[in-house]
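Each chain, written out:
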Amino acid sequence: MKHNKKLLMAILWSAMGASLILFVATRFNVYAFLSIFVTAALALAWWGMNFPITETARRNTHLGVVGFWTLIFGLLFGPFPVPKKPQYVVGEVHRFSEMEHGWGRMYSGALGPQIANHGRVYTDPEEVNGIGGARGKSPSFVTGYPLARALFGGASALDGYRGVEKHGGEPAAPVKYPWVNYESEARGTKLGWNKGDMLLPEVAKQLGYEKARYTPEENSLMVKGIGKWLGSMDVAIAEVDPRWFYSHDFITKGTPLPLEEVKELKYAIQLFVDQDWTRVHNDPGNSWWSVAKSGQAYSTSAWQAVRLAAMLRDMGYVARVGFGGINYDSVESPISVYSGKGEYGRLSDAVVPSAGGLRFKSASVLTNFPLKAGDPDQGYGITRMCANCDRCARACPVSSIAMGEPTVENGVNMWQVDKDKCVRFRAGNLGGNCCNECLRVCPYNKPDTLFHRLGNYMIAHSPVAPYLFGSVRGVGLEDWLDFDYSSEAGHVKNRPARWVQENPGFKMQFPYYVGNYIYTEEDRSTAEAWAAGEGAKMGKVGLTYKGVEWGKIEPRLLDANGRSRNVHHDFEKGALPAELPLPGKTISKEEAQALLDSGQAFAGGSNHTDANVFPPRSPKYERGVLTYKEAAKKWKEEK
Amino acid sequence: MLNLKVNFQMKWYEGLLWAVEIGLVAFGLWALVDTLMISCSKAAWRFLLLFLIWALPGAAVLVFFRPGRNAQDNA
Ligand code: SF4
Ligand code: SF4
């Protein structure tokens, strides 16, 4: 009997040891992890029940367990210093052309005709003649249903109020490209907040006085207070680095944006609007409601920024507004990063913990209103977390998010998203419209409860938490807990992703001339062969990674060659025409050079060689290695 | 009249372990409620389970690891 008890005792301790060994051998499997605790409890219980225990042994085991949890508590909640934010700028950084970003390339046709015509492949003839036909256009993935049209329309309607020419006392009339600032009659006469110069009461309390003195610190507190009052989740303030300004504009298809014209714009105010937890949680990219989330947050943030800017202009300052989808003057994510509100995450966008991680859309006001910017060095441990968490990369239906380590592009060392693949899926998703898989699965995407804030604190401070929650080199609790399951909407299934492909063998012909812009060989998409079906598996079908298996495409959706047909799955009425028109045209190299030399057309992307950038780059800001702080300082001194 | 007399004795180290155990369960309950409130029922119950599993070794020590209870068996 006694022998059996001892034997079982040995088995239980061995089980615990085996769990420990398995835990390490399986690279921190969550079940091996849990098994350590269960087997330890069983072994301790068996020991206590069957063998003599002395008072000293009881005390020591108590203290052992207490000591263990005190250590863990200290490691998880101790005020360890937040890891330093990486120095992202490691090389020469060029301004980004708005024609170069995914949407610019897709809409302009630089990625190929099939995807540029995504609207046509997206619907059936009845719809083409219906909702979109009324406006003479095929409904696109954005405008394909009334709510999305209403929301994106709400943003577009505000374009005239971004800060352009005055019109009846209001900056209302958009010029060809509004790269000029609104000059009011009262320019030079600075007005105060109100007749009594009274501060918002909470700002007054914080500062210890009630009447405004218009110091940068006070101005910042007021702008933050007003921004949040308007509905922003948080308000970021940064000193402008001129490399954030796009070099060429998208709406007017390539108009250059000279830095000389915006020298007054020294500060960026960024407003964040939530895409809403419930909608993001319940509507993945295949819900057919998906794109409306962007429209909601774009139009709401636009409206907030337009009103904030109108107030600043009335006070006598310059204020320009940038908002989405495509009405920005500058790249948004560096504002979030260098205002001290976030860090670049694996998705390559800014993760902002106070705005649901990636769940926001932002709008910005660029101004000369004197402000005190946030601390650009303020970190949140996001880079460390992302290094241990690849949930977004695993979730991405087209593998456009990098696994592994950050890399350098355009002089910036960060994770780089394959924007062409992402945009091709978002515009050409045949099983839904748009996508939000990456931001949906991000651990930072939770409602802003005290519990979630505690989690964010741990991730920022604790050297252990990223390994506990992340799965790259850790336990992967975030995976195991499974926040993806919504009790309101059920489980979001991994799905066979299908998207609009180019015809087999497709190769874009450059130079490609569209609007005022010429795309050259340097703009060729690295995902071009993939876009034409080479090696493309229509998503991750058949792949398994960390327990996630990607399903098969139903046979009825495949053509005779086993490839997914380039049609919406409701479209059963026949094939598309083999050739679809491009919005621009291919021209000869000589023609292109003549147009560029004569200033009739423009070109350039951040990856272009200097000789292929028209107009030329700024020697002051786009030569050599200039950190953010150096560039912002120079810009501030610029008269 | 009912005369209830409760005799409760605890060593200082037992008090510490009780505090740890109560803390773990309380944390689990907080996680459960917070996560149910955001409609993640699966994560909510798993969160609670996680904390209960973490609390198991301490509970085993509190309940079973006592002098005297097995003396006659094992003497
Ligand atoms: S939006 Fe979708 S396709 Fe784009 S990176 Fe995120 S998960 Fe991938
Ligand atoms: S999902 Fe993970 S890796 Fe991706 S951005 Fe969020 S924390 Fe970083």
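Keep in mind that this is a model prediction, so the values were computed, not measured.

Participant: Is there a simple way to think about the overall build of chain A in this case?
Facilitator: The helix and strand inventory of chain A stands at 23 helices and 15 strands. Counting only contacts in chain A whose residues sit at least 6 apart along the sequence, the fraction spanning at least 24 positions is 73%. Approximately 26,800 Å² of chain A is accessible, and the part contributed by carbon and sulfur atoms is 59%.

Participant: What am I meant to see in the side chain of Gln 416 of chain A here?
Facilitator: All names here are of chain A. With respect to the helices, strands and loops of the structure, Gln 416 is situated in the loop between strand S10 (412-414) and helix H16 (419-428). Side-chain polar atoms of Gln 416 contact the backbone oxygen of Val 412, separated by 3.2 Å. At 3.2 Å, the side chain of Gln 416 forms a polar contact with the backbone oxygen of Met 414. If sequence neighbours within four positions are ignored, Gln 416 has contacts with Ser 348, Ser 400, Ala 402, Thr 407, Val 408 and Glu 409.

Participant: How should I be thinking about the interface of chain A and chain B in this particular structure?
Facilitator: Many authors give the size of an interface as the accessible area that is lost as the parts come together. Contact with chain A, which involves 48 residues of that partner, is made by 40 residues of chain B. Run the count over chain A and chain B and you get three salt bridges. Across the pair Lys 42 of chain B and Asp 482 of chain A runs a salt bridge whose closest N-O atoms are separated by 3.0 Å. Seen at the junction of chain A and chain B, the total is twelve residue pairs in polar contact (both at pLDDT 80 or more). Looking at the side of chain A that touches chain B, the elements with two or more residues in it are helix H1 (2-25), helix H2 (30-50), helix H3 (55-77), helix H11 (277-282), helix H18 (450-461) and helix H20 (477-481) of chain A. Residue contributions to the side of chain A that touches chain B peak at twelve residues, all from H2 of chain A. Taken together, the residues that form the side of chain A that touches chain B break down as 30 nonpolar, ten polar and eight charged.

Participant: Mind showing me how you'd approach the site of ligand 1 here?
Facilitator: All names here are of chain A. Taken together, Leu 347, Cys 396, Pro 397, Val 398, Ser 400, Ile 401, Cys 422, Phe 425, Arg 426, Cys 435, Glu 437 and Cys 438 make up the full set of residues near ligand 1. The set of elements that each furnish at least two residues to the shell around ligand 1 consists of H16 and helix H17 (437-441). It is H16 that provides the largest number of residues to the shell around ligand 1, a total of three residues. Of the residues assigned to the shell around ligand 1, the class counts are nine nonpolar, one polar and two charged.

Participant: Got a minute to help me understand the nonpolar core in this structure?
Facilitator: The nonpolar side chains of soluble globular proteins are, as a tendency, buried together. Counting residues in hydrophobic clusters, the biggest one holds 74 residues, and the most contacted among them are Phe 33, Leu 468, Phe 469 and Leu 477 of chain A together with Phe 47 and Trp 54 of chain B. Among the domains, domain 1 (2-77) and domain 2 (98-446 + 483-637) of chain A are the pair contributing at least three residues each to this core. Those residues in contact with Leu 468 of chain A, other than ones at most four positions away along the chain, are Phe 33, Leu 76, Val 475, Gly 476 and Leu 477 of chain A together with Trp 54 of chain B. Membership of the second largest hydrophobic core comes to 33 residues, among which are Leu 158, Ile 269, Ala 302 and Val 306 of chain A.

Participant: Looking at this structure, how should I read the site of ligand 2?
Facilitator: Residues and elements named next belong to chain A. Lining the immediate environment of ligand 2, one finds Arg 346, Leu 358, Cys 386, Cys 389, Arg 391, Cys 392, Cys 442, Pro 443 and Tyr 444. Mapping ligand 2 onto the cavity grids shows that it belongs to the largest cavity. Class assignment for the residues of the shell around ligand 2 results in seven nonpolar, no polar and two charged.

Participant: So what exactly am I meant to see when it comes to the packing of helix H1 (residues 12-37) of chain B against helix H2 (residues 41-64) of chain B here?
Facilitator: In a pair of packed helices, the angle between the axes and the distance between the axes together describe the arrangement. Put simply, H1 of chain B and H2 of chain B touch, their axes get as near as 7 Å, and they point 170 degrees apart. Taken together, the axis directions place H1 of chain B and H2 of chain B in an arrangement best described as roughly antiparallel.

Participant: Would you explain the packing of aromatic side chains in this entry?
Facilitator: For any two aromatic rings, the description comes down to two numbers: the centre-to-centre distance and the angle of the planes. Residue and element names in this part refer to chain A. Under the definition given, this model contains 41 aromatic pairs over all chains. Relative to Tyr 338, the ring of Tyr 88 lies with its centre 6.5 Å away and its plane at 90 degrees, an arrangement referred to as edge-to-face. With Tyr 88 in the loop between H3 and helix H4 (102-108) and Tyr 338 in helix H13 (residues 333-338), the pair connects residues that are 250 residues apart, well separated along the chain. Like Tyr 88, the residue Tyr 338 is buried in the burial classification.

Participant: I keep staring at empty space enclosed by the protein and nothing clicks. Help me out?
Facilitator: All names here are of chain A. On inspection of all chains with the given rule, the structure shows four cavities of 30 Å³ or more. When its volume is computed, the largest cavity comes out at roughly 90 Å³. As for the largest cavity, its lining consists of Gly 345, Arg 346, Leu 347, Val 351, Leu 358, Met 385, Cys 386, Cys 389, Cys 392, Cys 442, Pro 443 and Tyr 444. Counted by class, the lining of the largest cavity contains ten nonpolar, one polar and one charged residues. What lines the second largest cavity is Trp 277, His 281, Arg 391, Arg 440, Val 441, Cys 442, Asn 445, Lys 446, Glu 478, Phe 483 and Asp 484. Those elements that place two or more of their residues in the lining of the second largest cavity are H11 and H17. Here the residues of the lining of the second largest cavity sort into four nonpolar, two polar and five charged.

Participant: Mind showing me how you'd approach the pattern of salt bridges here?
Facilitator: Between side chains of opposite charge, pairing is possible as soon as their charged atoms come close. Residue and element names in this part refer to chain A. Applying the stated criterion across every chain yields a total of 28 salt bridges over all chains. For Asp 484, the salt bridge is made with Arg 440, and the minimal N-O distance between the two is 3.7 Å. You can see Asp 484 sitting in the loop between H20 and strand S11 (512-514) and its partner Arg 440 sitting in helix H17, a full 44 residues away along the chain. Judged by its relative accessible area of 16%, Asp 484 is buried. Of the residues examined, Arg 440 reaches a relative accessible area of 7% and is grouped as buried.

Participant: I tried to follow the packing of H18 of chain A against H1 of chain B on my own but got confused; where do I start?
Facilitator: Running from N to C, H18 of chain A and H1 of chain B cross one another at 115 degrees; their axes reach a closest spacing of 9 Å. Contact residues: H18 of chain A offers Leu 450, Phe 451 and Leu 454 of chain A, while H1 of chain B offers Phe 27, Trp 30, Ala 31, Asp 34 and Thr 35 of chain B. Each residue belonging to the contact of H18 of chain A with H1 of chain B can be placed in one class, and the counts come to six nonpolar, one polar and one charged.

Participant: I keep staring at the environment of Ser 41 of chain B and nothing clicks. Help me out?
Facilitator: Within the fold, Ser 41 of chain B resides in helix H2. Put simply, Ser 41 of chain B and Asn 7 of chain B are 34 residues apart on the chain and 41 Å apart in space, counted from C-alpha to C-alpha. If we skip the residues at most four places from it in the chain, Ser 41 of chain B touches Tyr 485 and Ser 487 of chain A together with Leu 36 of chain B.

Participant: For this particular structure, what's the right way to read helix H23 (residues 628-637) of chain A?
Facilitator: Residues and elements named next belong to chain A. Regarding H23, the residues found buried are Tyr 628, Ala 631, Ala 632 and Trp 635. Relative to the axis of H23, the buried residues are bounded by an arc of 95 degrees and lie together on one face. Residues of H23 that are exposed and point over 90 degrees away from its buried face: Lys 633 and Glu 637. Looking at the buried side of H23, the elements it contacts are strand S3 (235-239) and H13.

Participant: In this structure, what is going on with the sheet that holds strand S12 (residues 517-519) of chain A? I would like to understand it.
Facilitator: Each strand in a sheet pairs with another by means of backbone hydrogen bonds, the pair being arranged parallel or else antiparallel. Within the open sheet, the three strands sit side by side as S12-S11-S15 (chain A). Their pairing is antiparallel. Strands at the two margins of the open sheet, each flanked by one partner only, are S12 and strand S15 (585-586) of chain A.

Participant: Is there a simple way to explain the sheet that holds S3 of chain A in this structure?
Facilitator: All names here are of chain A. Reading across from one edge, S3-S4-S8-S5 is the order of the four strands in this open sheet, with antiparallel pairing throughout. Since the sheet does not close on itself, it has two edges, and those belong to S3 and strand S5 (319-322), each with one partner. Averaged over all pairs of adjacent strands, the angle between their axes in this sheet comes to 20 degrees, without regard to strand direction. Judged from the eight bridges that link them, strand S4 (residues 267-274) and strand S8 (residues 360-367) form a sheet pairing that is antiparallel. When the bridges of S8 are listed, Asp 274 appears paired with Phe 360.

Rules and cut-offs
Residues numbered from 1 in each chain as written. Chains lettered and ligands numbered in written order. Predicted model: local features only at pLDDT ≥ 70, side-chain atom pairs only at ≥ 80, totals over all residues. Heavy atoms only, no water. Helix = DSSP H or I, 4+ residues; strand = E, 2+ residues; numbered from the N terminus. Contact = heavy atoms within 4.5 Å. Areas by Shrake-Rupley, 256 points an atom, 1.4 Å probe, with all protein chains shown as cover. Polar contact = N/O pair within 3.5 Å; in protein donor to acceptor, adjacent residues only side chain to side chain. Salt bridge = Lys/Arg side-chain N within 4 Å of Asp/Glu carboxyl O. Nonpolar A, V, L, I, M, F, W, Y, C, P; charged D, E, K, R; others polar. Near = heavy atom within 4 Å. Core = buried A, V, L, I, M, F, W, Y, C linked by side-chain atoms within 4.5 Å. Buried < 20%, exposed > 50% of the residue type's maximum accessible area, 1.4 Å probe, protein only. Domains from an automatic or database assignment. 1 Å grid on protein atoms, 1.4 Å probe; cavity = no way out; pocket = protein on both sides within 12 Å on 5 of 7 lines; lining within 4 Å. Sits in = over half its atoms within 2 Å of the grid points. Axes fitted to C-alpha atoms, helices over the stretch in contact; angles between N-to-C directions. Parallel < 35°, antiparallel > 145°, perpendicular 65-115°, else oblique. Phe/Tyr/Trp six-rings, centres within 6.5 Å; stacked < 30°, edge-to-face > 60°. Points joined across faces, edges and corners; volume = space filled by probe spheres on them. Arc of directions from axis to C-beta. Pairing = 2+ DSSP bridges.

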